[in-house]
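Residue-level structure breakdown
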Amino acid sequence: MIVQTGLAEEIVDVPISYPIIVMAFVAATAVIGVMAVKFVQKSSKRYIVAGKSLPLFFIGTMLVSEAVDGNASLGNVSLAFQYGFWSGAAIPLGLSLCLVLTGLFFGRIFNRMDMVTLADFYFRRYGNTAEVMSGVIMSVSFIVLVAGNLGASGYILSVVLNIPLIWAMLISTAVVLLYTYFGGLFSCAYTDIFHIYLAVAGFWLGFIYFIGPWSPIPGGLEAIVAGVPANFMDLSGLYSIKDGALVNWAGIIALGLGDIVALDFMERVFAARGGRTAEKSCYFAAGLTLLILVPTTMIGIIGHTLEPGLEDAFTLYPVMAIKHVPEVIGILMLVSTVSCGMSTANGGTLAIASVVSRNILQRNILKKLKQKGRGLNDRQLLLATRLLVIPMFFAAFALGALIPRPGIYLILAFDIVFAGCLVPLVLGTYWKKSTPQAAIVSIVVGSTLRLILYFVISTATPDSPYFPYLGLDTFIPPLVSLALFVGVSLATYKKTPSRHDVIYLIPSEEDVVSGADVSEWKNPIDVRQIKSKR
């Protein structure tokens, strides 16, 4: 039996085995995710960061999810199809760069600090105002990220099930909401273990099929490369502005540096059982991310040979999986990408809900009403986080339904935090003179400037005088943010008590869960004293 679906004014025949197996896999993912509730043990910390208990293999695998999820996979393939190899490759290159930098400079330190959300860093280092500002910006950017993944998963399901995109997105949203509500980060850990490796296998099997002796393309790889413009496959995409080099490097840098300020990335770093585990997991994930760079990007290039008239580039990936590879490989490509997209949506939405419940509700609203007995204990924080997962998912669903554009979402999401939040994070970690005033100015100006440049440069049409500068809208705001941060810090550090010691302090479990201020911590461990004794 065959069902038919209209895509870009074409008819794609979908064997009945595809929807059956894909939906069975989605259902299995939901069951495994819900069963992970037994590991939560009614603890907010276990729900949000798995109680800092996960080993290297789990953390390393989870950190790869953003490189193989629906947003990155469909985004990579569609960008390569439209603009060339390096436009698509910018996504895995940027993500792998971020993982290496995180492992080198932040993995051990942030895991040791025993934080629950990334916004906790801004609170400990700079105070409540910077905490709320950074938390809001990072949460908004992650709603964009989750929307992209719901849109990407929806594209695939709409093709496979022959249903409108809005209904396909609703299915993926409902499934991931179900297991996120119950299992938290544990559900992400136990589903990623088989999602990620199935995805890697699917990408490589599909690519090898197209270039091997059994390829449906006469001439194989040589014919594929000859079938695209020369600048699609040479290095001009990295050095020629007219061939998109500025935009490509902007994407790489936005992901490579901006993803350091990613809620779900750091959520996984926090969940590692120790600092060394967190660091090594980042390197493991970086290697695995680079491993899928060639096959996923080349699928977009191969599309020029097999689907030259395809109008909707975002549907190329599912069309290739259904029409042009053996059924087993096609199903593997589809089910793993849908599931990995749901996994990123799971981690991203959990991170957003955690910031809202912990950094905004618990610490900046209810904490001020503590005298009236309205503080949140551990179980109340767990319940609040779970309940907030629901509206966060549907906010992302609404955005994805209005503007379903995978790939672009991923770069835009981290461009926002890259512009305002990266400098306070990096210098707050490594520069003692960093001050709260500098952090606030840096966040406000960097983010505002990026918003202005979005309307001036990012949306410029080809006939606009600003169009040749596309890409500079990514680079300029963080540089301005850096200059202002350093200037304001130098002007205020003598009058502002330094909070740099928090980098070396490990709070008690009770203080972590309660969200207590550094001044209220009871007997924190100072790692500098431990090292000096040794």
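Residues numbered from 1 in each chain as written. Predicted model: local features only at pLDDT ≥ 70, side-chain atom pairs only at ≥ 80, totals over all residues. Heavy atoms only, no water.

Turning to a nonpolar patch on the surface, a few remarks are in order. On the surface, Val100, Leu104, Phe105, Tyr283 and Tyr430 cluster together to form a nonpolar patch covering roughly 450 Å² of accessible area. In terms of residues, the nonpolar patch owes the most to one element, helix H6 (residues 85-105), which gives three residues. Take Val100: it is sitting in helix H6. (Patch = residues over 30% accessible without salt bridge, like charges linked within 9 Å, V, L, I, M, F, W, Y side chains within 5 Å. Areas by Shrake-Rupley, 256 points an atom, 1.4 Å probe, with all protein chains shown as cover. Salt bridge = Lys/Arg side-chain N within 4 Å of Asp/Glu carboxyl O. Helix = DSSP H or I, 4+ residues; strand = E, 2+ residues; numbered from the N terminus.)

Next up on the list: the pattern of salt bridges. The final tally for this structure, using the stated rule, is 14 salt bridges. Between Lys45 and Glu509 there is a salt bridge whose closest N-O contact spans 3.0 Å. With Lys45 in helix H2 (residues 44-49) and Glu509 in helix H24 (residues 509-514), this residue pair connects regions lying 464 residues apart in the sequence. According to the relative accessible area criterion, Lys45 is buried, its value standing at 5%. For Glu279, the salt bridge goes to Arg108, with nearest N and O atoms at 2.4 Å. (Buried < 20%, exposed > 50% of the residue type's maximum accessible area, 1.4 Å probe, protein only.)

Moving on: the packing of helix H10 (residues 165-211) against helix H16 (residues 293-306). Where H10 meets H16, the axes come as close as 9 Å, and the angle between the chain directions of the two elements is 40°. When the interaxial angle is binned, H10 and H16 end up oblique. For the pair H10 and H16, the sense of crossing is left-handed. Listed contacts from H16 to Phe203, Trp204, Phe207 and Phe210 of H10 are Val294, Pro295, Thr296, Met298, Ile302 and Leu306. When grouped by side-chain class, the residues that make up the contact of H10 with H16 number nine nonpolar, one polar and no charged. (Axes fitted to C-alpha atoms, helices over the stretch in contact; angles between N-to-C directions. Parallel < 35°, antiparallel > 145°, perpendicular 65-115°, else oblique. Left-handed = near helix turned anticlockwise from the far one by under 90°. Contact = heavy atoms within 4.5 Å. Nonpolar A, V, L, I, M, F, W, Y, C, P; charged D, E, K, R; others polar.)

So, on to the confidence of the model for the protein chain. Detailed reading of predicted coordinates is not advised where the pLDDT is low. Here the protein chain shows a mean pLDDT of 89. Residues at 70 or above account for 94%. For residues 1-11, every residue scores under 50 in pLDDT, and the model assigns this stretch 35 contacts once sequence neighbours within four places are set aside. (pLDDT = per-residue confidence, 0-100.)

In this fold, Tyr181 is placed in helix H10. For Tyr181 and Asn128, which are 53 residues apart along the polypeptide, the C-alpha to C-alpha distance reads 28 Å. Apart from residues lying up to four places away in sequence, Tyr181 is in contact with Tyr47, Arg386, Leu387 and Ile390.

Summed over all chains, the structure comprises four cavities of 30 Å³ or more. Taken as a whole, the largest cavity spans an internal volume of roughly 50 Å³. Lining the largest cavity, in full, are Ile48, Val116, Thr117, Leu118, Leu263, Glu267, Ala351, Ser354 and Val355. Every element with two or more residues in the lining of the largest cavity is listed here: helix H14 (263-271) and helix H18 (327-366). Ranked by the residues each element gives to the lining of the largest cavity, the list is headed by H18, at three residues. (1 Å grid on protein atoms, 1.4 Å probe; cavity = no way out; pocket = protein on both sides within 12 Å on 5 of 7 lines; lining within 4 Å. Points joined across faces, edges and corners; volume = space filled by probe spheres on them.)

When you tally the buried positions in helix H21 (residues 422-430), you get seven out of nine residues, the bulk of the element. Among the residues of H21, Leu422, Val423, Pro424, Leu425, Leu427, Gly428 and Thr429 are the ones counted as buried.

In the Ramachandran plot, Ala50 falls in the positive-phi region, its phi being about 55° despite a non-glycine side chain. Phi is positive for Asn162, which is not a glycine, with a value near 55°. Locating Asn162 in the fold gives a position in the loop between helix H9 (128-161) and H10. Asn162 gets classed as partly exposed once you look at its relative accessible area, which sits at 38%.

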